[in-house]
Amino acid sequence: MESGGSSRGRGTGVSGSYHGRGRGRGRGRDGGRDHHQQQQPPPHLTGLGRGRSGPHWNRTNPQASPHQVTGQEGGGVRGGYAGGVRGGGGGNGGRLGWVARSQSEKPSYSHATESAGGRGGGTGGVPQGRLRRPVAGQTPEPEVDRAALPSSSTQPAPVPAVINIIEQLASTSLSPGNENRYNPIMRPDEGGKASVATVRLNVNHFRVNFNPESIIRHYDVDIKTVEPPRNGRVAKLSKLQLSTIRSKLFTDNPQLPLLMTAYDGEKNMFSAVRLPEGEFKVELSEGEDLKPGEYKCSIKLVNELKLCKLRDYLSKNDSSNPRDILQGMDVVMKENSVMHMIPVGRSFHPTKESPEDDLGYGITASRGIHYSLKPTFEGLALCLDYSILAFRKKMSVLEFLAEHIPDFNVNNFRRFRRDVDIVLKNLKVNVTHRVTKQKYVIVGLTREDTRRVSFPDANDIRKNIRIVDYFKEKYNKNITHLDIPCLDVSRNKRMNYIPMEFCVLAEGQIYPKEYLDDNAALLLKNMSLAEPRVRQSNICGMVQSEDGPCGGNIIQNFGIEVDINMTPVEGRVIEPPVLKLAAPRTGKLMKITVDKQKCQWNLVGKAVVEGKSIQCWGVIDFTRYEERARLNCRTFILKLIDRCRNLGMRLEEPLYEKAGMQILSNVNALGQLLEGVTSQVGRGNLQFLLCVMSRKDDGYKCLKWISETKIGVVTQCCLSYHANRGQDQYLANLALKINAKLGGSNVELNDRLPHFHGEGHVMFVGADVNHPGARDKTSPSIAAVVATMNWPKANRYAARVRPQLNRKEQILEFGKMCLELVESYGRLNNVKPEKIVIFRDGVSEGQFDMVLNEELMDIKNAFQKIDYFPTVSVIVAQKRHQTRFFPVREKDGGPNGNISPGTVVDTTIVHPFEFDFYLCSHHGSLGTSKPTHYHVLWDEHGFSSDQLQKLIYDMCFTFARCTKPVSLVPPVYYADLVAYRGRLYYQAMIERKSPLTSSTSSSSLTSSSSMSSAALFQDWFKLHADLENMMFFI
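Nothing here was measured: the structure is a model prediction, and the numbers come from that model.

Chemist: So what exactly am I meant to see when it comes to the overall build of the chain here?
Modeler: Within the chain one finds 21 helices and 43 strands. The 1034 residues of the chain split such that 55% are buried. A separation threshold of at least 6 residues defines the contact pool for the chain, and within that pool the share at least 24 residues apart is 74%. Entry remark: accessible area of the chain is about 45500 Å², with carbon and sulfur atoms responsible for 46%.

Chemist: How should the pairing of strand β33 (residues 714-719) be read in this particular structure?
Modeler: Here is the key point about a regular strand: its side chains alternate between the two faces of the sheet. Among the six residues that make up β33, five are buried, leaving the element largely enclosed by the rest of the structure. Taken together, the six bridges between strand β32 (residues 688-693) and β33 define a ladder with parallel strand orientation. Residue pairing in the sheet places Met693 in a bridge with Leu719 of β33. As for the winding sense of the linkage, the β-α-β connection from β32 through helix α14 (residues 699-711) to β33 is right-handed.

Chemist: Teacher, can you tell me more about the pattern of salt bridges here?
Modeler: Pairing between side chains of opposite charge can happen when their charged atoms approach one another. Applying the stated criterion to the full structure yields 44 salt bridges. Between Glu335 and Arg246 there is a salt bridge, with the nearest N and O atoms lying 3.0 Å from each other. In this pair, Glu335 is assigned in helix α5 (residues 323-340) and Arg246 in helix α3 (residues 239-252), connecting sequence segments 89 residues apart. The exposure class of Arg246 is buried, given its relative accessible area of 7%. One salt bridge in this structure joins Arg800 and Glu820, with 3.0 Å as the shortest N-O distance.

Chemist: Sorry if this is basic, but what is going on with α5 here?
Modeler: A turn of α-helix holds 3.6 residues, and therefore any two residues three or four places apart point the same way. End to end, α5 covers 27 Å across 18 residues, agreeing with the expected 26 Å (1.5 Å per residue, within 8%). The largest bend in α5 is about 40°, located at Lys334. Those residues of α5 lying buried are Ile325, Leu326, Gly328, Met329, Val331, Val332, Met333, Lys334, Glu335, Asn336 and Ser337.

Chemist: Can you walk me through the sheet that holds strand β27 (residues 589-592) in this structure?
Modeler: Adjacent strands of a sheet pair through backbone hydrogen bonds, lying either parallel or antiparallel. An order of β27-β26-β34 is seen for the three strands of this open sheet, with the pairing classed as antiparallel. A single partner strand is all that each edge strand has here, and the edge strands are β27 and β34 (748-749). Two elements, strand β26 (residues 579-582) and β34, share two bridges in a ladder whose sense is antiparallel. Of the residues in β34, the one forming a bridge with Leu579 is Leu749.

Chemist: Looking at this model, I keep getting lost on the packing of helix α13 (residues 667-679) against α14. Mind explaining?
Modeler: Packed helix pairs are specified by the crossing angle of their axes together with the interaxial distance, meaning the distance between the axes. Relative orientation of the contacting elements α13 and α14 amounts to 50°, with a least axis distance of 10 Å. The angle between α13 and α14 falls in the class oblique. When you trace α13 past α14, the crossing you get is right-handed. Contact with α13, carried on its side by Val667, Leu670, Gly671, Leu674, Glu675 and Thr678, involves Gly699, Cys702, Leu703, Ile706, Ser707 and Ile711 of α14 and no other residues of that element.

Calculation notes
Residues numbered from 1 in each chain as written. Predicted model: local features only at pLDDT ≥ 70, side-chain atom pairs only at ≥ 80, totals over all residues. Heavy atoms only, no water. Helix = DSSP H or I, 4+ residues; strand = E, 2+ residues; numbered from the N terminus. Buried < 20%, exposed > 50% of the residue type's maximum accessible area, 1.4 Å probe, protein only. Contact = heavy atoms within 4.5 Å. Areas by Shrake-Rupley, 256 points an atom, 1.4 Å probe, with all protein chains shown as cover. Pairing = 2+ DSSP bridges. Right-handed = clockwise from strand over helix to strand, strands pointing away. Salt bridge = Lys/Arg side-chain N within 4 Å of Asp/Glu carboxyl O. Expected span 1.5 Å × (residues − 1). Bend = angle between axes of the 7 residues up to and from the residue. Axes fitted to C-alpha atoms, helices over the stretch in contact; angles between N-to-C directions. Parallel < 35°, antiparallel > 145°, perpendicular 65-115°, else oblique. Left-handed = near helix turned anticlockwise from the far one by under 90°.

Structure follows, in structure tokens:
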């Protein structure tokens, strides 16, 4: 048995032969008999001690840490490093750090009294320390290669061109194991205390009361046609069809009470009472919502959801998340809205259009609601917000064309045929010539005009029936517009043509906001950006609406009630940091105190902290052939040079090259232009290129791709309109971006970031994934990881970007990308970081398990392969939520009714026992401020609530391209910019029309060649070596 002493641990803890004393700054030196006999593992691979209430005990985790020893050797550890933590180690008999706990154990926030010998000192495992954050330790190397670290798949599969090259990238995907799963850590304290002010707020969470003795019964519903399928293929029924059949079933069978059930539109039905099980037949006759036919519907009980389990979870008596109960109750809460409103994604919109919301061109704005259930510290809550979307109006197709297409004339249809085809394709329509709710999808227009359209007679295929005759005989309808085509709504090779005049656009069809004209886009934006008081009033009205979650008595039938008053909470306003800028002439650093209300600062009479000296740069003027938008080059360059010098940046005279905007649409010519400019001064000597354009152009993405991956030169683009105006603020913003891209420092914190005051380097990592559009099934998702490259300033970043599987949220090469960034850090600083804090963006609560048990393990595995064992914390930053705060009194917020920058809420509405909080770090000048929700999944650094909240808030002031705090912690903000830049790279590659990016399902590659093709595909995203450690993405 090894015995040793941890150095510098304040106080003394004694158990057996283990003694520790000193100040405990996390760098204890090993001692004892075995120290000189064998190589010791890194300090943080030792066992964790201090007894039951020590800083690393996590009641909420059902498994030991993935890198946790299970022997009895104990040592005081903080952040994984041996040494005292406000006291000595817990001793050989002490309980180890991150330990397993049963699912039924209750998380505790209780605090044990400090021991007389020192804070945290332990004897024989007796709990004598203040309860702190669970801190994960590490295991020795043999323990790491078990199932806790998922294996990689290396077997490639044959694949067709682009899609399959993307799929090949999944060879590094981690296999999710069922064993050794880890849960998010619990809250380390009862919330933060630090503040400059406390404020009273209302939040759009509405308390949900339920009877814990109630049982919600979960049934599996299977609906099929009785008629045997054609061609052996069972046709899938739509949600509308399934809901219609379910309604008919309940109407025909009184023993099935409709208002006592809730249906998700697919396979799941929840009931407040026991239902008869078995198979039922449903017959639909002519005139009903579906075509006539017979269906069989089977109902089978699969589970009984006992709400007492939800009560135990909310009261912290059981830490096992009852997701099945929450999902069932969520379906119940939405049933009334499903029955009376239009479901669009996760929101619901009214069926009636309001005249004041007309956007013109057959488009209307719709004010809908979005709500979900959330388990919170004080019980279950309904979070409800309202959303604004643009819809195509429910109107006749011909009327829509008349409104939507300028100068449309049905009597001159041929002139507009191409526009009509583009406007109507893939839209859904209802028909008016018969009674049905069935929707048809427009696939195009018939080649012939209506008077000539015919189809084969079902009784005699040798005969054709004219559609004019068919509608007259079948429906007694005369077709008026004979000289225009019919709509082609054919499906599954079944011909189906319908005259336009009998078609109405189906309700609930979203119109993309990017297609709106400027006036309509501005109107929609103003509706979305409702000021806080208006938004609060709208939300309170929606929660009481008859069509909303509380109407229709459905939830009441399940024993559920919703308090219609918003939840009051107490918030704290954190003190903003003191900043550093420089004097413009002397360069001497000066302290800057930000504005109290908006927390902003200005650069008047000030300079950046570290301005770059730019000896060699160039200007490409793409406005050569423009008349109105031509650049006044000499004036602009002189103004820019002068503004940069005032900010502490030295710019010499640039190279100057003229070109036309048309060259941006020619990838090869653009590449030659950029190569030519850089070759004038020698490759690698040009510091940056300023590219001036007359307008926004799609060629921007090609310019960025070529310059950043092929040539290796930083570019800064701007529009000639703004350049010619030459306003001081615009030029200053341009200078800030240029300085940051070239490695300068615009602003710094006067004091070091909280918590990390000791020795050792710290690296902050941000990660995000950019996904293609919902209907794009072939384009890759783009993963981006950024990391700080300097400490303690922590304001200069490097980035890595990778393509991966379509809509894959898990970052498949997270470990490799982080390792690359760590090695870059090591080359720049001659030391690797000892502590890493990862901020992950874009994941929902349902994906926390993936982040913890796949992404984090991938990172740990990559580090372990090079014998590198930093301490790691993982924090998720969420902006896609519906929580909003409203000041109760004027003094509780800013002058426009929004909450103040620095407002944090970490009680009442947060998770019952996990470590999360809401932080509004920015000033909301438009609309209602949306706070960022931070959720700590893993922590090996021992953050308290105050420390982490202050650290994140301070970092929000270091964003390089503006003079105010941003709404999102910068590592995540930058990762989002890099992921979007990767999307532009892909689009540029598609425009280049390389054979590798042509998607043909018939072409395929062999296993060996697919690996090389995937590698080549990744290389197209690989940054040029000269830019790998630069902030080119600002």
